[in-house]
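# Close look at the chain arrangement
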Amino acid sequence: MNKSPLPWTFVFGVVLLFLAPPLGAKDLVVKPPPESMSKLYPPESKEPKWIQQMHKMSGHFGGVFVNMREQDWENVDRHAAALVEAYEETSKLIPEWEDYFDLDAARKFADAAQSHNPEQIGKAAGALGKTCGKCHRENYVSVWTRFHWPKFSAIQITDPVDEKEMEFGKYMGLVSGSFKGVTVNFGEGQYDRAHRALRTFKTRYLELRSVCAKCHTNDDVKLFYVGAAAEEAFAGMDRELTKKKPDPGQFWRHVGTLGQTGCKRCHLTHRGYAIIQNVWEAD
Ligand code: HEC
Ligand code: HEC
Ligand code: HEC
């Protein structure tokens, strides 16, 4: 077999790749939105001005097409002119984002609208619409994370077992540790310890119900993660641990139910944004 060493240029290239990974077209970077954007959202601004501006543009954009289908050309012209005005206005609100706007494409759209030719209007709309779409793709998640998602890290919760108050993330560590107290002991056949750990774990887990109201006004959400399925899983684990000879198949089934319908589903709904917020706060 030929064991010739790798050419050094190849090795060098690989090293460079690790030092500065290039951004590909499919990489989505979730960096915090520009500082100046805060002025356009509560609490700094009374109204969510950026969103209002979006509705204005979107309304006039849609207005052009609704009226075009009705051949109401007077209103087509009115909406097209208003769209260009709103688009220009919007382009000045966040200096860091000026380059997303193509004022030329906006003017061309207004010209096309005046032609009253649907095909021309459609083509120019495509070019303008692309500028909307690019910014949306790249910034929706960031903006939702910054301005719409409440912070779990701002929530304090009192541990019902030790009566100590702590940050939510830290409490999660405690919940997770108590869960392991149950499963590790069960795995070792130490059923008495597992049973005691289960009581602690259940108390801590169900205390999570107290945080829902920090963000939700509707109590119905508590049917999820911390509702009947969790109660049944706890009862099932308890039943096995009360037996002289617990059935491992049954026990692990209940563990799985809690992990999937409790921990996992709540994480899928709530944790993604918290992870981004924590990364932003860390530096
Ligand atoms: C420079 C970036 C940028 C450009 C350009 C842009 N948008 Fe937006 N748009 C956003 C962001 C960011 C949001 C999310 C705002 C939020 O949820 O707080 C948004 C949200 C929206 C929404 C949803 C509003 C809501 O209530 O959730 C609409 C509709 C919209 N944009 C229409 C448009 C149209 C039409 C254009 C082009 C004519 C456009 N946008 C161009 C950044 C942009
Ligand atoms: C830090 C804030 C926060 C906390 C605490 C929180 N949630 Fe949520 N949750 C949200 C947000 C934001 C959404 C997205 C939709 C919305 O606003 O309702 C959501 C969505 C949900 C959904 C999807 C259905 C819906 O209303 O959109 C459920 C179910 C849910 N949460 C249950 C819970 C339960 C149960 C708890 C307590 C154990 C809880 N949440 C605690 C912020 C929170
Ligand atoms: C209210 C919904 C919810 C439920 C139910 C839930 N978690 Fe979490 N969990 C979160 C959120 C949100 C975070 C991120 C918190 C943060 O980083 O501020 C988190 C973070 C964590 C972390 C990381 C803690 C750290 O140090 O940052 C672990 C571990 C964890 N959860 C384990 C579990 C386990 C195990 C269960 C089930 C026994 C569970 N969680 C149930 C919402 C939930």
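What you are looking at is a predicted structure, and each value in this text was computed from that prediction instead of being measured. (Residues numbered from 1 in each chain as written. Chains lettered and ligands numbered in written order. Predicted model: local features only at pLDDT ≥ 70, side-chain atom pairs only at ≥ 80, totals over all residues.)

Domain parsing of the protein yields domain 1 (8-147) and domain 2 (152-282). If you average the C-alpha positions of domain 1 and of domain 2, the two centres end up 43 Å apart. (Domains from an automatic or database assignment.)

What follows covers the environment of Met-37. Within the secondary structure, Met-37 is located in the loop between α1 (8-19) and α2 (49-69). The sequence separation of Met-37 and Leu-93 amounts to 56 residues, and the corresponding C-alpha distance is 8.0 Å. In contact with Met-37, not counting residues within four places along its chain, are Trp-50 and Ile-94. (Helix = DSSP H or I, 4+ residues; strand = E, 2+ residues; numbered from the N terminus. Contact = placed C-beta atoms within 7 Å.)

What follows concerns α2. The end-to-end C-alpha distance of α2, which contains 21 residues, comes to 31 Å, matching closely the 30 Å that a straight helix rising 1.5 Å per residue would cover. Looking at α2, one finds that the buried residues are Met-57, Phe-61, Val-64 and Met-68. All buried residues of α2 project into a common sector of 50° when viewed along the axis, lining one side. Of the exposed residues in α2, those oriented more than 90 degrees away from the buried face are Gln-52, His-55, Gly-62, Val-66 and Arg-69. At the exit of α2 stands Gln-71, carrying a positive phi of roughly 55°. (Expected span 1.5 Å × (residues − 1). Buried ≥ 20, exposed ≤ 12 C-beta atoms within 10 Å, placed from the backbone. Arc of directions from axis to C-beta.)

Our focus in this paragraph is the packing of helix α7 (residues 191-206) against helix α9 (residues 228-242). Two numbers describe how α7 lies on α9: the axes approach to 10 Å, and their chain directions differ by 165°. Taken together, the axes of α7 and α9 are roughly antiparallel relative to one another. Crossing angle aside, the handedness with which α7 passes α9 is left-handed. Residue-level inspection shows Tyr-191, Ala-194, His-195, Leu-198, Lys-202 and Tyr-205 of α7 in contact with α9, the latter providing Ala-230, Phe-234, Met-237, Asp-238 and Leu-241. Of the residues assigned to the contact of α7 with α9, the class counts are 8 nonpolar, 1 polar and 2 charged. (Axes fitted to C-alpha atoms, helices over the stretch in contact; angles between N-to-C directions. Parallel < 35°, antiparallel > 145°, perpendicular 65-115°, else oblique. Left-handed = near helix turned anticlockwise from the far one by under 90°. Nonpolar A, V, L, I, M, F, W, Y, C, P; charged D, E, K, R; others polar.)

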